[in-house]
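Commentary on secondary and tertiary structure
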Amino acid sequence: FQNKSERYSIFIGENSINLLPNKIKTLCPETKKIGVIVDKNIPSKYKQRLKKKLKGYEVSFLPFLANEKNKSLTKTYSLLNILLSKNLNRSDLIIGFGGGITGDVASFVASIFKRGINFINIPTTFLAQVDSAVGGKTGVNSSYGKNLIGSFYAPKLVICDPIFLKSLPSKEMVSGYAEVLKHAIIKDKFFFKWLKQNTKAILSKDIKKLIYSIKKSCEIKISFVDKDVNEKGLRMKLNFGHTFAHAIEAKNNFSKRTTHGEAVLCGIILATRLSVIKKLCNVKLLYDLERFYKINNLSYTYKKYLNKNSILNLIPFLKNDKKNNDKRINFILIKDIGKITSPDKFKISVKSLKKISKFIVQ
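The sections below set out a description of the structure shown in this document. (Residues numbered from 1 in each chain as written. Predicted model: local features only at pLDDT ≥ 70, side-chain atom pairs only at ≥ 80, totals over all residues. Heavy atoms only, no water.)

With that out of the way, let us pick up the overall build of the protein chain. If you tally the helices and strands in the protein chain, you get 14 helices and 13 strands. Dimensions of the protein chain, computed from the C-alpha atoms along their principal axes, are close to 60 × 40 × 35 Å. Counting the 362 residues in the protein chain, one finds 56% classified as buried. Taking the intrachain contacts of the protein chain between residues at least 6 apart in sequence as the baseline, contacts between residues at least 24 apart amount to 76%. As displayed, the protein chain has an accessible area near 16,000 Å², and 52% of this comes from carbon and sulfur atoms. Across the protein chain, the centroid of the 67 positively charged side chains sits 3 Å from that of the 26 negatively charged ones. (Helix = DSSP H or I, 4+ residues; strand = E, 2+ residues; numbered from the N terminus. Buried < 20%, exposed > 50% of the residue type's maximum accessible area, 1.4 Å probe, protein only. Contact = heavy atoms within 4.5 Å. Areas by Shrake-Rupley, 256 points an atom, 1.4 Å probe, with all protein chains shown as cover. Lys, Arg positive; Asp, Glu negative; His and termini not counted. Charge placed at Lys NZ, Arg CZ, Asp CG, Glu CD.)

Structural data, given as structure tokens:
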């Protein structure tokens, strides 16, 4: 289906990678050279498969070790230099082939290479397919925080092929699942009900269930992005659970021990607990969510944050959240499944967060 605001297609389906050669001909007819920024973690059989699809072009593979440290201006600069040395021009093409970090960096590189070159994203992790590959945000980290340097840049095409998820460890499946769950919580009661029935199948890589969950997630994300391409307001609702999550990641120095999705799963529970304290939602909703986590073995994601000190330790990092536009912390909170608060409606001062921290963990 299509992302209306920026007119590009997202193809989701088993072996959808086979569409690539024809799509390049149609969307980038002038292309002669292709730079593929490829995640080093991708099994070589998948790289070979992509190589075959790009026959007839002058292709350079640029291996990229995907981690938060390499999501930097330094790494961007070295990738740009390689591409400049290969003399690509604006009618050529850059392909991002990997997880979310690879996609974020590759699309950022594409957006500033000669002021913008054709870009195609082929996300290979569950998290990237359901979330980061959709919406046109690019970016790298700085020592001041995550994704603080970047641009908005639409790809020509996104291909989400669940075939690539077969080699993913279960920790990575959980990480992507967090965004699927968040999308259901903020927008779609029926999808949330469906997830209650199908979460185990998704996490054990049932292809049909995966395809449906990717499709629903992309649709929900696009419904927000289309109304707010440059993240001025409404799109911030997609950050439900992320205020705490980004603080947890920063506090852990972006260590691999806690994935982005695990931090989001924790953030969803903490934000729901805060919503109960603020009398926005019924405590039954919280119990329902916590029971759902337990049945699907996801409770480990928030258990270690259920003490007052761990919440207090997050406060310095919460203060740096990019949704904040004054000294208070800007939370997205929940009223019910499918109903969350608008950005700027619930700002909490550091002082009052310290006061209520003991209630969040009770």
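In this structure, the second largest pocket occupies an estimated 440 Å³ of space. As for the second largest pocket, its lining consists of 22 residues, of which Y144, G145, K146, A250 and F254 are closest to the centre. Those elements giving two or more residues to the lining of the second largest pocket turn out to be β7 (137-142), β8 (145-152), α9 (242-251) and α13 (308-318). Among the elements that make up the lining of the second largest pocket, the one with the highest residue count is α9 (four residues). Of the residues assigned to the lining of the second largest pocket, the class counts are seven nonpolar, nine polar and six charged. (1 Å grid on protein atoms, 1.4 Å probe; cavity = no way out; pocket = protein on both sides within 12 Å on 5 of 7 lines; lining within 4 Å. Points joined across faces, edges and corners; volume = space filled by probe spheres on them. Nonpolar A, V, L, I, M, F, W, Y, C, P; charged D, E, K, R; others polar.)

A few words on unusual backbone geometry. At R115, a position not held by glycine, the phi torsion is positive, near 65°. Among the secondary structure elements, R115 is positioned in the loop between α4 (100-112) and β6 (118-123). Judged by relative accessible area, which is 76%, R115 ranks as exposed.

Core analysis: the biggest nonpolar cluster contains 73 residues, and F126, Y177, L181 and Y293 have the highest contact counts within it. Apart from residues no more than four positions distant in its own chain, F126 is found in contact with L165, L168, E172, M173, G176, Y177, V180, I202, L210, S213 and I214. In this structure, C28, Y46, L54 and I163 belong to the second largest nonpolar core, which totals 20 residues. (Core = buried A, V, L, I, M, F, W, Y, C linked by side-chain atoms within 4.5 Å.)

What follows covers the pairing of strand β9 (residues 157-160). For a regular strand, the rule is simple: side chains alternate between the two faces of the sheet. Where burial is concerned, the two faces of β9 agree: the one with L157 and I159 and the one with V158 and C160 are both buried. Both strand β2 (residues 8-12) and β9 contribute to a ladder of four bridges, which runs parallel. Opposite S9, over in β9, you have L157 as the bridge partner. Pairing of β6 with β9, which is carried by two bridges, proceeds in the parallel orientation. Residue pairing in the sheet places N121 in a bridge with V158 of β9. (Pairing = 2+ DSSP bridges.)

Once that is clear, we can look at the packing of helix α3 (residues 73-85) against α4. Relative orientation of the contacting elements α3 and α4 amounts to 60°, with a least axis distance of 10 Å. Regarding the angle of α3 to α4, the classification is oblique. Handedness of the crossing formed by α3 with α4: right-handed. Each of L73, T76, L79, L80 and L83 in α3 lies in contact with α4, whose residues at this interface are V105, F108, V109 and I112. The residue makeup of the contact of α3 with α4, split by class, is eight nonpolar, one polar and no charged. (Axes fitted to C-alpha atoms, helices over the stretch in contact; angles between N-to-C directions. Parallel < 35°, antiparallel > 145°, perpendicular 65-115°, else oblique. Left-handed = near helix turned anticlockwise from the far one by under 90°.)

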